[in-house]
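Okay, here's what each chain looks like letter by letter:
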Amino acid sequence: MTLRLHDTATRSVRDFVPMTPGQVGIYLCGLTVQSVPHIGHLRSAVNYDVLRRWLLHIGLDVTFVRNITDVDDKILVKSQETGRPFWAIAYANKLALDADYRSLNVLPPTYEPLATGHITEMHELIAELIERGHAYVSAEGTGDVYFDVTSYREYGSLSGQRPEDMLSAGGVPERGKRHLADFALWKGVKTDEPDDASWVSPWGRGRPGWHIECSAMARRYLGAEFDIHGGGLDLTFPHHENEIAQSCSAGLPFARYWVHHALLNLGEAKMSKSLGNVIDVQAVVAMGIRPVELRYYLGVPHYRSRIDYSDEALREAATAYRRIEGFVHRAVEVVGSGRPKDVPPAFAAAMNDDLNTSAALAVVHDTIREGNTALAASDETGVRAALTEVRAMLGVLGLDPLDDAWRSGDDGSDLKPIIDSLVALALEQRAQARARKDWAAADSVRDQLKNAGVQVEDTPAGPRWTVGEQH
């Protein structure tokens, strides 16, 4: 089957045909690092990580570019509020973001360009737009350079918005603009901003506008035309609309497919630092939810479906993943870890249908039911077949419990050998008590383990234990 993706530009699900056979170029709008990330940001990371893993699984070579906006109005406001250099704030928050990506087993990008590292490329693109008559320097001598929205007839084709609907975004100054809808390509230096937050340019000292960086960096790493541009629905207008306008006006074909994910809402509003309604990874872990379970929660809904966050839904997702994990570990005890094989046709069909992860996970759970039946019947052939298929599917979703990503890191898994030894000692004491028919002592050991969060299950192969709720 051919992979089909929803393309925002055509408002339809289209067959995905790479520009270059066997290769895919993806540009994903990354974060503005004015603060630590929240799980709404991480939905984007998980959704596009699944897309990337599926493209790799079907044999395509993927170049994945995800930028970092490390200078903008919001970061400068934080700098003024805290007295810290803007670059120190950006760097600290990027380190936190990197840690969260690792904790959720998000593959690192092929390239992760910083806005401040590509000023030259932005200057070149701005100069081209001025030369072509699509941009102008403010007549007030402020050093501002604006894109003339009226010069691009197709403006609004992606979002359906009209130029007159556009408001100045991202703190764009109003000085020297010809039309309200025009947006800043270069922002002249202002007296109330840090001295080190500006660069020399042909138009005077200043810093880049928000939109120009993505057009410049996409061209730098993916060329004039590339396959997929991704981001949240909230970026469709004005950010992505402006990217199209400035790139196409410079003669760049730009993105062939626009893939947008829906948002994660808390209450009636999207999760947003500016609204103060955010939950981060640390808060989730404090609830007793592991990062792998958070990834499952974020990855189960279709990427174009809105997620309305609730603690209950998150806990239900964690419980569902623990059932998956429990089957994998029980099966490994019987037949070994094996080697994942091809995914079932039904799983492939679901993923090729616009990345229908909900339907794909239904196939995972159906296969696990078959595997549990085989376990109950001591059918090792059936267990092995189910296990290898389940692991193959979970690998595509980044959720394989045997993935090293879930066995190491800052989640305490480095203590696993010590915990294994301690639990083994307690189980040996329990076995000795049972051998001498001291049932009270045996039950006491089991109860103490349960109180510590360790569940013991007696099986024909001997006792096995897991951490967390028993299912």
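It should be emphasised that the depicted structure is a prediction, and the values quoted were computed from it without experimental measurement.

Colleague: Teacher, can you tell me more about the overall build of the chain here?
Modeller: When helices and strands are counted, the chain shows 14 helices and 15 strands. In terms of overall dimensions, the chain has C-alpha extents of about 95 × 50 × 35 Å along its principal axes. Split into buried and exposed, the 471 residues of the chain put 50% on the buried side. Put simply, the chain shows about 20900 Å² of open surface, and 52% of that area lies on carbon and sulfur atoms. Across the chain, the mean location of the 49 positive side-chain charges is 3 Å away from that of the 64 negative side-chain charges.

Colleague: Quick question: what am I supposed to make of the side chain of N242 here?
Modeller: The topology assignment puts N242 in helix α6 (residues 236-249). Residue class for N242 comes out buried when judged on its relative accessible area of 0%. Within polar-contact distance, the side chain of N242 engages the side chain of Y155 at 2.6 Å.

Colleague: I keep staring at the sheet that holds strand β6 (residues 145-147) and nothing clicks. Help me out?
Modeller: Whether parallel or antiparallel, the strands of a sheet pair through hydrogen bonds between backbone atoms. Taken together, the four strands give an open sheet; going across it, the order is β5-β6-β7-β8, and neighbouring strands pair in antiparallel fashion. A strand with exactly one partner marks an edge of an open sheet, and here the two such strands are β5 (135-137) and β8 (206-208). Mean inter-strand twist for the sheet, computed between neighbouring axes without regard to direction, equals 20°. Where β5 meets β6, three bridges bridge the pair, whose relative direction is antiparallel. Each residue of the ladder has a partner; that of Y136, found in β6, is Y146. Strands in contact with helix α4 (residues 119-131) are β5, β6, β7 (183-188) and β8; relative to β7, the strand with the most contacts, it is inclined by about 120°.

Colleague: Is there a simple way to explain the pairing of strand β4 (residues 61-66) in this structure?
Modeller: For a regular strand, side chains alternate in direction, first toward one face of the sheet and then toward the other. As judged from the six bridges shared by strand β3 (residues 23-28) and β4, these two strands associate in the parallel manner. Within β4, the position partnered with L28 by the bridge is R66. Taken together, β3, helix α1 (residues 39-57) and β4 constitute a β-α-β crossover, and its handedness is right-handed.

Colleague: So what exactly am I meant to see when it comes to the environment of N67 here?
Modeller: Summarising the element assignment, N67 is placed in the loop between β4 and α2 (73-82). Counting along the chain gives 37 residues from N67 to G30, while the straight-line C-alpha distance between them is 4.8 Å. Every residue in contact with N67, bar those within four places of it in the chain, is listed here: Y27, L28, C29, G30, L31, P113, E213, C214 and M217. At 3.5 Å, the side chain of N67 forms a polar contact with the side chain of Y27. Within polar-contact distance, the side chain of N67 engages the backbone nitrogen of G30 at 2.7 Å.

Colleague: Would you mind showing me how to read the sheet that holds β4 here?
Modeller: In space, the four strands of this open sheet follow the order β4-β3-β9-β10, with parallel pairing throughout. Here the strands that pair on one side only, and so sit at the sheet edges, are β4 and β10 (254-261). Strand-to-strand, the axes of this sheet are offset by a mean angle of 25°, without reference to chain direction. Pairing analysis gives seven bridges linking strand β9 (residues 225-232) to β10, with the strands arranged parallel. Note on β10: the bridge partner recorded for E225 is F254. Sheet contacts for α6: β9 and β10; angle to β10, the most-contacted strand, approximately 175°.

Colleague: In this structure, what is going on with the pattern of salt bridges? I would like to understand it.
Modeller: Any two side chains of opposite charge can pair if their charged atoms end up close together. Counted under the stated rule, the structure contains 23 salt bridges. Here R207 makes a salt bridge to D73, at a shortest N to O gap of 2.4 Å. Of this pair, R207 sits in strand β8 while D73 sits in helix α2, placing them 134 residues apart in sequence. D73 matches R207 in its accessibility class, with the two residues each being buried. Linking R207 and E193 is a salt bridge whose minimum nitrogen-to-oxygen distance equals 2.9 Å. Of the two residues, R207 sits in strand β8 while E193 sits in the loop between β7 and β8, which places them 14 residues apart along the sequence. Its relative accessible area of 1% is what places R207 among the buried residues.

Colleague: Explanation requested: helix α14 (residues 439-451) in the structure shown.
Modeller: Each α-helix turn comprises 3.6 residues. Residues three or four places apart therefore point the same way. The end-to-end C-alpha distance of α14, which contains 13 residues, comes to 18 Å, matching closely the 18 Å that a straight helix rising 1.5 Å per residue would cover. Among all positions in α14, only A442, V445 and L449 are buried. One side of α14 holds all its buried residues, which, seen down the axis, span an arc of 60°. Across from the buried face of α14, at angles greater than 90 degrees, the exposed residues are A440, Q448, K450 and N451. Looking one or two residues past α14, G453 carries a phi angle of roughly 95°, positive in sign.

Colleague: What is the right way to look at the UniProt feature "short sequence motif: 'HIGH' region" (unreviewed entry) in the chain in this model?
Modeller: If you check UniProt for "short sequence motif: 'HIGH' region" (unreviewed entry), the listed places come out as residues 31-41 in our numbering. Along residues 31-41, the helical share is 27% and the strand share 0%, with 8 Å between the first and last C-alpha atoms.

Colleague: Looking at this structure, I do not really get the packing of helix α9 (residues 311-335) against helix α12 (residues 380-397). What am I missing?
Modeller: Packed helices, taken two at a time, are described by their axes: the angle between them and the distance between them. As a packed pair, α9 and α12 sit with axes 10 Å apart at the nearest point and diverge in direction by 135°. Viewed along their axes, α9 and α12 adopt a mutual orientation that is oblique. Of the two elements, α9 crosses α12, and the hand of that crossing is left-handed. In this structure, α9 contributes I324, F327, V328, A331, V332, V334 and V335 to the contact, and α12 contributes E380, V383, R384, A386, L387, V390 and L394. For the contact of α9 with α12, a count of residues per class yields 12 nonpolar, no polar and two charged.

Colleague: So what exactly am I meant to see when it comes to the packing of α1 against α12 here?
Modeller: It is the contact of α1 with α12, at a shortest axis distance of 7 Å, that shows an interaxial angle of 130°. In terms of axis orientation, α1 runs oblique to α12. Contact residues: V50, R53, W54 and H57 in α1; G395, V396 and L397 in α12. Here the residues of the contact of α1 with α12 sort into four nonpolar, two polar and one charged.

The rules we used
Residues numbered from 1 in each chain as written. Predicted model: local features only at pLDDT ≥ 70, side-chain atom pairs only at ≥ 80, totals over all residues. Heavy atoms only, no water. Helix = DSSP H or I, 4+ residues; strand = E, 2+ residues; numbered from the N terminus. Buried < 20%, exposed > 50% of the residue type's maximum accessible area, 1.4 Å probe, protein only. Areas by Shrake-Rupley, 256 points an atom, 1.4 Å probe, with all protein chains shown as cover. Lys, Arg positive; Asp, Glu negative; His and termini not counted. Charge placed at Lys NZ, Arg CZ, Asp CG, Glu CD. Polar contact = N/O pair within 3.5 Å; in protein donor to acceptor, adjacent residues only side chain to side chain. Pairing = 2+ DSSP bridges. Axes fitted to C-alpha atoms, helices over the stretch in contact; angles between N-to-C directions. Contact = heavy atoms within 4.5 Å. Right-handed = clockwise from strand over helix to strand, strands pointing away. Salt bridge = Lys/Arg side-chain N within 4 Å of Asp/Glu carboxyl O. Expected span 1.5 Å × (residues − 1). Arc of directions from axis to C-beta. UniProt positions renumbered as here; feature names shortened; annotations may be inferred. Parallel < 35°, antiparallel > 145°, perpendicular 65-115°, else oblique. Left-handed = near helix turned anticlockwise from the far one by under 90°. Nonpolar A, V, L, I, M, F, W, Y, C, P; charged D, E, K, R; others polar.

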